[in-house]
Amino acid sequence: MAASFLRPNLIRQSRAAYQCAICTSRRATLLAARPRTQYTSKLLRPPVSRTYATVNSGDPKPPKDPKDESKTEKDSQTKPDSKKDVDQQKQTEEQKGAESVKTESSSSEDAKDATPPGFVPLNERETKAITEVATMIKNGLPKSQSQAVDEAVHVMKKGGIPHELREVLEERQKNPTKRLDLATTVKLVGIFTKMSRMTAQQIREEYGNDKVSSKSSKTDGKEEPKIFEQSNKGDSGREKSKQNRSEGQKTGGPRVFEFKLDTGTILITAFLSYYLYRSLFPGEASRDITWQEFRTTFFDKGLVDKLTVINRNKVRVELHREAVANLYPESPAARQNFYYYFSIGSVESFERKLDDAHAELGIPQSERIPVAYADEVPLSAAILSFGPTILIIGALFWMSRRAASGGGGQSGIFGIGKSRAKKFNHETDIKVKFADVAGMDEAKVEIMEFVSFLKDPGRYSQLGAKIPRGAILSGPPGTGKTLLAKATAGESGVPFFSVSGSEFVEMFVGVGPSRVRDLFANARKTTPCIIFIDEIDAIGKSRAKGNFGGGNDERESTLNQILTEMDGFNTSEQVVVLAGTNRPDVLDKALMRPGRFDRHISIDRPTMDGRKQIFMVHLKKIVTNEDLAHLTGRLSALTPGFSGADIANCVNEAALIAARANAKSVEMTHFEQAIERVIGGLEKKSVVLNPEEKKTVAYHEAGHAICGWFFKYADPLLKVSIIPRGQGALGYAQYLPAGGNDVYLMSVKQLMDRMAMTLGGRVSEEIWFDTVTSGASDDFNKVTRMATAMVTEWGMSSKIGYLNYKDDEQKLHKPFSEETARNIDQEVKRIVDEAYRQCKDLLTEKKAEVQKIAEELLTKEMLVRDDLVRILGPRPFEDPGEFSKYFSGEGQKSAPPPPPVEGNDMPGEMPSPAARKIDDVQQL
Ligand SMILES: Nc1ncnc2c1ncn2[C@@H]1O[C@H](COP(=O)(O)OP(=O)(O)OP(=O)(O)O)[C@@H](O)[C@H]1O
């Protein structure tokens, strides 16, 4: 705000002020010698003269009388050099002032209200003194400047003088012969400048005010003029308020609100105000000017200290700060770090111009203004170039702060190398004991050794025995590997670190090994303890195999780190590492060598006995009134191939079904429904088959059932239904595993009977309908796989011989010749054709039985083993083994188990009674 109206003044007034200031400076002579005619009075005249003539700020400025101007100039040129001259000068000034007032009065006759009232001329003594001082200052100034001083004096005579000037005057009066010293001269120049500027602005404001003017008109000459009365006003105001306050207290009048300000409040307020002011009106740090402005305003006046050419296109003007500050205390140029800039076309032209200017002013070579050259990057460009870096650092900082604030320091960028292992405390978290792990007796014996080592290491060390570092628990999903590891920790009463192999893998390089290090470091702090790494195949894959297609260095280095850490254990360190995997075959050999995972404990799906025990464990948790021995036997017979997790799920499912039926306890039917549901999926009542489709499904299922019933080595049917279930299965059937026991070996006869039974559905359709359906595709798939395995793996084809061509998906080329391939195809087809013939012969022979079963199915939708016995008579072959014990009872609602599960070497292919029927637990 201030800058906006000061700027023109600065340019106009700087000349007058400067000319005085330099009287005492080194360059005074130089400048005095300068041809002064170059300054035109019009250009240099301070605005005071115009302002003074215009009382009302809103009025247009009256044009200057050229006569007056020339006259003033003429007067200014007169340089009094004696006391007489001074008197004469004084008279001239007075006369001029009077004339001026007269001129103003006459020029404003039309607008009387514009006449400035209340002007109090100085008393005679002061007038004389001020004129004297002005004369001294004017000495050596160009005439235009003298005129400016004259005009300031003129204004002062009307408006009064400030205290400082009065002091100077008094000093002069005491010692009239004394010459003005440098400090006083500078001070006086400042006062004159300020005076003229203040007069220009304030007279308009102060004396345009009627109230003030009427008040002022009453003042006599002894009083301080209004424009310098502010401090007095303040004092009297304070006194008045004091007076008011005491009066108010006395009279009980309105209380005057008082602000009590302490130093702290003042400082804070000052700081806040400054901050607010700075943010609203940011101070200038630079200002652009033109060459001409530079020349006339600064250069010609000797205010320039140094010039710096920046980036060859701009020049920074460094001024003599003290001189500028003394002359123009309010000018921004007086501030530190404020610079003027002007643009140049080229450095050469600038240098030429500067040389010319120096020459013009007659400045000798040795005193010329120094010019420096610099390359500077603008702040904005610097910020821009550093922007991305700052942004990244900021983001990292922010992320680290976030990491530190949440997630216990394990999330975020700095927690990335920390192990994610969950630590279970044996006292609070791990309640699992070996009693909770049913079956797997051999595995338990193996792992028990770790428990006794952790409990009593001395027993082993005293005999010099080294305890195995760890064990790999391998087996199909849900067979209780984690449970066994937990039970080990629970039994030995040590902390248990559980982590999944995949948690070591991150997208950042080096995170895996670092997490491994961290995990083992933590474990060592809390020895004895157990580390359990689940799904270790995620990192422990064979390095040779894993490298296929580019390799995975990160995974390898994680594995190496595990190997190193396990090697690094002291024999005394009681840290046992257990690892679980479903794919022991892909693990790196180095992991399995003695000294690392010494023990390899294979946990298979539970046997009949194991299932019984597992059922027993889980049945304890639910309410049932059934005979537990019979129940567990029957249920385990119904669930061949079920893993521990499947059994746990079944028991829980049964409890849920019972709860849905509002039963008081869980009954056998609930368990059977649960098993059906686990095997076949939900009944889909919404899928409604049309009668023709239903008939086809019924005859399809009847074909399977008859085959199962009359082929000796096929699996006899326990239950069949044509209610759609699961994902697109239109029928559902359960069979007793062949021979009534868990199957470990399959003979050619068994395989042929099973294949024939699998084809029973399609053959029945062919016999009973004009056309066949797509419902047997899954059957064909199974049959093909069985026949292929017979030919290529089990050596059951005389043509191919005793060779194993097991299909390996990772191999791109078949390991046999084209001719062998053709022979394999022929043999597979031959076997399937044989099975087909066997099936067709049977179903043609038993056409009536097929029809009976199918019709019954269509009416009842579901048949159990007893229905089959009723319709077909007892099965012509004895059912050996334990199964008969649980399924021979009359009227028992049977829910027979699914077929045996395909193990590594077991076929386990079963017929699909209907399209996409799910009858193999492995497909669940
Ligand atoms: N032998 C068993 N005795 C009792 N419950 C068992 C047994 N095996 C499995 N379970 C049940 O199955 C659940 C899952 O078992 P667990 O998590 O140990 O399987 P896993 O072999 O580690 O599976 P994955 O290989 O998928 O990790 C257990 O919580 C438990 O309820």
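Residues numbered from 1 in each chain as written. Predicted model: local features only at pLDDT ≥ 70, side-chain atom pairs only at ≥ 80, totals over all residues. Heavy atoms only, no water.

Looking at the overall build of the protein
Helix and strand content of the protein: 36 helices and 14 strands. Sequence-distant contacts in the protein: of pairs separated by 6 or more residues, those separated by 24 or more amount to 76%. Accessible surface for the protein amounts to roughly 47,700 Å². Of this, 53% is attributable to carbon and sulfur atoms. (Helix = DSSP H or I, 4+ residues; strand = E, 2+ residues; numbered from the N terminus. Contact = heavy atoms within 4.5 Å. Areas by Shrake-Rupley, 256 points an atom, 1.4 Å probe, with all protein chains shown as cover.)

A few points about the packing of aromatic side chains
On inspection of all chains with the given rule, the structure shows 13 aromatic pairs. Seen in terms of ring centroids, tryptophan 291 and phenylalanine 350 are 6.4 Å apart; in terms of plane orientation they differ by 90°. Their pairing is edge-to-face. Residue tryptophan 291 is located in helix H14 (residues 291-299), and its partner phenylalanine 350 is located in helix H16 (residues 347-361); the two are separated by 59 residues in the primary sequence. Among the residues examined, phenylalanine 350 registers a relative accessible area of 1% and is labelled buried. Ring geometry for phenylalanine 298 and tyrosine 340: centres 4.7 Å apart, planes at 40°, overall tilted. Here phenylalanine 298 is found in helix H14, whereas its partner tyrosine 340 is found in strand S4 (residues 339-343), with 42 residues between them in sequence. Ring pairs connect the aromatic residues Trp291, Phe294, Phe299, Phe342 and Phe350, which therefore count as one cluster. Between the NZ or CZ atom of arginine 316 and the centre of the ring of tyrosine 339, over which it lies, the distance is 5.2 Å. Directly above the ring of tyrosine 339 sits arginine 321, whose terminal nitrogen or CZ lies 5.0 Å from the centroid. (Phe/Tyr/Trp six-rings, centres within 6.5 Å; stacked < 30°, edge-to-face > 60°. Buried < 20%, exposed > 50% of the residue type's maximum accessible area, 1.4 Å probe, protein only. Lys NZ or Arg CZ within 6 Å of the ring centre and 35° of its normal.)

Considering the pairing of strand S9 (residues 529-534)
In terms of residue burial, S9 counts as a mostly covered element, since 6 of its 6 residues are buried. With 5 bridges connecting them, strand S8 (residues 496-500) and S9 associate as parallel partners. Its bridge partner being in S9, phenylalanine 496 is matched across the sheet by isoleucine 530. Pairing of S9 with strand S10 (residues 575-581) involves 5 bridges; the strand directions are parallel. Bridging across to S10, isoleucine 530 finds its partner in valine 576. (Pairing = 2+ DSSP bridges.)

Some details on the site of the ligand
Contacts to the ligand come from 19 residues, most closely from Ala438, Gly478, Lys481, Thr482 and Leu483. Here an oxygen atom of the ligand and a side-chain polar atom of aspartate 534 are 3.5 Å apart. In the model, an oxygen atom of the ligand is placed 3.0 Å from a nitrogen or oxygen of the asparagine 582 side chain. Coverage of the ligand by the protein chains reaches 79% of its 630 Å² of free accessible surface. Looking at the shell around the ligand, the elements that each hand over two or more residues are helix H20 (481-492), helix H26 (608-619) and helix H28 (644-660). (Near = heavy atom within 4 Å. Polar contact = N/O pair within 3.5 Å; in protein donor to acceptor, adjacent residues only side chain to side chain.)

Considering the packing of H26 against H28
With their axes 9 Å apart at the nearest point, H26 and H28 run at an angle of 40° to one another. Comparing their axes, H28 and H26 come out oblique. As for the relative orientation of H26 and H28, their crossing is right-handed in sense. Across from Arg611, Ile614, Phe615, His618 and Leu619 in H26, the residues of H28 making contact are Gly644, Ile647, Ala648 and Val651. (Axes fitted to C-alpha atoms, helices over the stretch in contact; angles between N-to-C directions. Parallel < 35°, antiparallel > 145°, perpendicular 65-115°, else oblique. Left-handed = near helix turned anticlockwise from the far one by under 90°.)

Regarding the pairing of strand S13 (residues 732-735)
The alternating pattern of S13 places Tyr732 and Gln734 and Ala733 and Tyr735 on opposite faces, both of which are buried. Pairing between strand S12 (residues 717-721) and S13: 4 bridges, direction antiparallel. Looking across to S13, one finds that serine 721 is bridged to tyrosine 732.

Focus on the sheet that holds S12
The strand order across the open sheet formed by 3 strands is S13-S12-S14, and the pairing between neighbours is antiparallel. Here the strands that pair on one side only, and so sit at the sheet edges, are S13 and strand S14 (862-864). The sheet shows a mean angle of 5° between the axes of neighbouring strands, direction not considered. Packing against the sheet, helix H29 (residues 668-680) makes contact with S12 and S13, and its axis sits at approximately 110° to S13.

Topic: the nonpolar core
Ranked by internal contacts, the top residues of the largest apolar core, which has 51 residues, are Ile706, Met755, Ile853, Leu868 and Leu872. For this core, the elements supplying multiple residues, two or more each, are helix H30 (691-710), S12, S13, helix H31 (748-768), helix H32 (777-792), helix H33 (818-845), helix H34 (847-860) and helix H35 (865-872). When neighbours within four sequence positions are excluded, methionine 755 is seen to be in contact with Val783, Met786, Ala787, Met790, Ile831 and Ala835. Core analysis: the second largest hydrophobic core is formed by 28 residues, Leu307, Val317, Leu319 and Tyr340 among them. (Core = buried A, V, L, I, M, F, W, Y, C linked by side-chain atoms within 4.5 Å.)

Quick look at the sheet that holds strand S3 (residues 314-319)
Judged by pairing direction, the sheet is mixed, and its 5 strands sit side by side in the order S1-S4-S3-S2-S5 without closing on themselves. The two strands at the open ends of the sheet, each matched to only one other strand, are strand S1 (286-288) and strand S5 (371-374). In this sheet, adjacent strand axes meet at a mean angle of 25° when their direction is disregarded. Of the strands in this sheet, strand S2 (304-310), S3 and S4 touch H14, which is tilted by about 160° from S2.

Focus on the side chain of aspartate 537
Its location among the elements puts aspartate 537 in helix H22 (residues 537-540). For aspartate 537, a relative accessible area of 16% puts it in the buried group. Of the polar contacts made by the side chain of aspartate 537, one reaches the side chain of threonine 581; its length is 2.7 Å. If we skip the residues at most four places from it in the chain, aspartate 537 touches Gly580, Thr581, Asn582, Arg583, Val586 and Leu587.

Focus: the environment of alanine 325
Mapped onto the fold, alanine 325 is located in helix H15 (residues 321-327). Residue alanine 325 is classed as partly exposed on the basis of its relative accessible area, which comes to 30%. Separated by 11 residues in the primary sequence, alanine 325 and glutamine 336 have C-alpha atoms spaced 10.0 Å apart.

Read these as spatial facts, not as claims about activity.
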